Amino acid sequence: MLQVQFIRDHKQIVLEGLAKRNFADAETIIEQVLTADENRRKTQVELDNVLAESNKMSKEIGGLFKSGEVQKANLLKEKTGQLKTQSKELAESLTGFADELKGLLYQIPNIPHASVKAGTSEEDNEIIFSEGTIPNLGENALPHWELAKKYDIIDFELGNKITGAGFPVYKGKGARLQRALINYFIDKNVEAGYKEYQVPHLVNTASATATGQLPDKDGQMYHATEDDLFLIPTAEVPITNMFRGNLMQASEFPITATGYTPCFRREAGSYGAHVRGLNRLHQFDKVEIVRIEHPENSYNALNGMVEHIKDILRELKLPYRILRLCGGDTGFTAALTFDFEVFSTAQDRWLEISSASNFETFQANRLKLRFKNKEGKSELAHTLNGSSLALPRVLAGILENYQTENGIQVPEVLIPYTGFSVID
């Protein structure tokens, strides 16, 4: 969440940033934040004064009893009783103002980076890079869901029988290709300096709130209500929360982490042809990269993440492009996001397969993730994350772009992982 001090000191910048996001009633909620903060600070001063006066009287009472001035001591005791009642009431008011302030701050998204343009939807995103050759497959090219059925490698109906729509079953060479991609992605990340972690697939409310999934995406998460745990929508959540509450030294930067997990998203309201097959699932596999960075280096680190993902897609030899998201399409917690899209030749459309984002201090403020700066003062770190990569649409792109009349070729870089070169 945004820092109150930043909102107080840079109100106009905040309002301009929220305008880029088309955030409704920005001025109203910012004024509510400032009012709640003013009430909180004023009440804190009043409470501190009352407690100081009460402490002073308590010392005086002890001296009066020692000197035999019992009547004066009892009068002061009566006053301290009144002060205790007053301090209790002020403490309750302080808690109320603090809770009101936190509730308001949780509703406000991050402020976009200066390079982010205003926009209302994905139609306003900027294409900043593209690479690779789109293959000419001819008129008989099949979309991946038909290829999956033809070669018996993914069974959507069986997944529907077991669980429901959006939970496919990978079979035979399809399962092996899926596992090959996971291992390849992890190996590439580890080679690039990311430390591998295996993390829980469920998180508590504190973790989901700290990285910004709650309350913003409450309805999109699967909730195990009896234990009050949430199935993770991305490995970003448990990996980033490993560092929640940490006070680091500047010498510890950068912290780099990678992990594979299944991901779970309800995707409520997602219907239509664009979600067929692997295009949108409720359960899918993803390999994530996360960085904790010094604020001075976070955008260099983001550029490095983008180059790392480029390298993976080059090795897979998939045609892809990179978009800088506009304000209206940038996620709630991000300051700047680059989306990677692979071209699905048989579907004749671009499919998002990765996002790399810098959250600046937005997540770190909720996480209370700080470091000691050169002056020895505590300062919020910057957090970043990216997919490298989300498997369903990468797999869809491979199946469609590598199809031939004699089967589906396996990208050369994956053959050592699969043990076969063609799906037929």
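Up top is the structure these notes are about.
Throughout this document, residue positions are counted from 1 along each chain, in the order its sequence is written. Two thresholds apply to this predicted model, a pLDDT of at least 70 for residue-level local features and 80 or more for giving and counting side-chain atom pairs, whereas whole-chain, interface and lining totals are computed over all residues. The side-chain quantities take in all heavy atoms of the structure and omit both hydrogens and water.

Some points on the pairing of strand β16 (residues 382-390)
Right, on to step 1. Of all nine residues in β16, nine are buried, a share of seventy percent or more.
Right, on to step 2. Two strands pair when backbone bridges link them, and strand β13 (residues 349-360) and β16 are joined in this way by four bridges, in the antiparallel orientation. When the bridges of β16 are listed, A356 appears paired with G386. Burial status follows relative accessibility: with a 1.4 Å probe on protein chains alone, a residue under 20% of its type maximum counts as buried, one over 50% as exposed, and anything between as partly exposed. Per the convention used, a helix needs a DSSP run of H or I reaching at least four residues, while a strand needs a run of E reaching at least two, with both numbered from the N terminus. At least two bridges found by DSSP between two strands is the condition for calling them paired.

Overview of the sheet that holds strand β19 (residues 422-423)
Right, on to step 1. Pairing is antiparallel across the open sheet formed by three strands, whose spatial order is β17-β18-β19. Looking at which strands have only one partner, the edges of the open sheet turn out to be β17 (403-404) and β19.
Right, on to step 2. The pairing of strand β18 (residues 407-409) with β19 spans two bridges and is classified as antiparallel. Its bridge partner lying in β19, Q409 is registered against V422.

Section: helix α10 (residues 298-316)
Right, on to step 1. Expected helix span is taken as 1.5 Å per residue step, with the number of steps being one fewer than the number of residues. Helix length check: α10, at 19 residues, gives a terminal C-alpha distance of 27 Å against a target of 27 Å (1.5 Å per residue), a fit within 8%.
Right, on to step 2. Within α10 the residues assigned to the buried category are S298, A301, L302, M305, V306, H308, I309, K310, I312, L313 and L316.
Right, on to step 3. Phi turns positive, to about 55°, at K317, one or two residues after α10.

Describing the packing of helix α7 (residues 172-191) against helix α12 (residues 391-401)
Right, on to step 1. Angular values range over 0 to 180 degrees, each being the angle between N-to-C directions of two axes fitted as lines to C-alpha atoms, with helices fitted over their stretch in contact. Between α7 and α12, the least distance of the axes is 11 Å, while the angle of their chain directions is 115°. Where α7 crosses over α12, the two elements pack in a sense that is right-handed. Residues L177, Q178, L181, I182 and F185 of α7 pack against L391, V394, L395, I398 and L399 of α12.
Right, on to step 2. In terms of residue class, the contact of α7 with α12 is built from nine nonpolar, one polar and no charged. Note: crossing handedness is left-handed where the near helix turns anticlockwise from the far helix by less than a right angle, and right-handed where it turns clockwise. Two residues form a contact once any of their heavy atoms are found within 4.5 Å. Throughout, the ten residues Ala, Val, Leu, Ile, Met, Phe, Trp, Tyr, Cys and Pro are labelled nonpolar, Asp, Glu, Lys and Arg are labelled charged, and all others, Gly among them, are labelled polar.

Side note on the packing of α7 against α10
Right, on to step 1. Where α7 meets α10, the axes come as close as 11 Å, and the angle between the chain directions of the two elements is 135°. Our classification of the angle between α7 and α10 gives oblique. When you trace α7 past α10, the crossing you get is right-handed. From α7, L181, Y184, F185, K188 and N189 reach across to α10, where they touch H308, D311, I312, E315 and L316. Put simply, angles under 35 degrees are roughly parallel, angles over 145 are roughly antiparallel, angles from 65 to 115 are roughly perpendicular, and the rest are oblique.

Structural notes on helix α2 (residues 11-20)
What sets the pattern is the α-helix's 3.6 residues per turn: residues three or four places apart point alike.
Right, on to step 1. Those residues of α2 not exposed but buried are V14, L15, G17, L18 and K20.
Right, on to step 2. Immediately downstream of α2, the backbone of N22 shows phi near 60°, a positive value.

Observations regarding the sheet that holds strand β7 (residues 229-231)
Two modes of strand pairing occur in sheets, parallel and antiparallel, and in both the strands are linked by backbone hydrogen bonds.
Right, on to step 1. Overall, antiparallel pairing links the three strands, which are arranged β5-β7-β6 in an open sheet. At either margin of the open sheet sits one strand with a lone partner, and together these are β5 (202-204) and β6 (223-224).
Right, on to step 2. Where β5 lies against β7, three bridges are found, and the strand directions are antiparallel. The partner of N204 across the bridge, within β7, is L229.

With respect to the pattern of salt bridges
Right, on to step 1. A pair is scored as a salt bridge if a Lys or Arg side-chain nitrogen falls within 4 Å of a carboxyl oxygen belonging to Asp or Glu. Under the criterion given, the structure shown has 18 salt bridges.
Right, on to step 2. Three or more residues are tied together by salt bridges with common partners; here these are R8, D37, E38, R40 and R41.

Remarks on the nonpolar core
Right, on to step 1. In this structure, L181, F185, L316, V394 and L399 are the most contacted members of the largest nonpolar core, which totals 51 residues.
Right, on to step 2. A total of eight residues in this core trace back to one element, the largest contributor, which is α10.
Right, on to step 3. Put simply, a nonpolar core is a bunch of buried Ala, Val, Leu, Ile, Met, Phe, Trp, Tyr and Cys residues held in one set by side-chain atoms that sit within 4.5 Å of each other. Grouped together as the second largest cluster of nonpolar side chains are 21 residues, L2, I7, L15 and L18 included.

Quick notes on the environment of A180
Right, on to step 1. Within the secondary structure layout, A180 lies in helix α7.
Right, on to step 2. Among the residues examined, A180 registers a relative accessible area of 2% and is labelled buried.
Right, on to step 3. Along the chain, A180 and S355 lie 175 residues apart, while their C-alpha atoms are 21 Å from each other.
Right, on to step 4. Those residues in contact with A180, other than ones at most four positions away along the chain, are L414, Y417 and T418.

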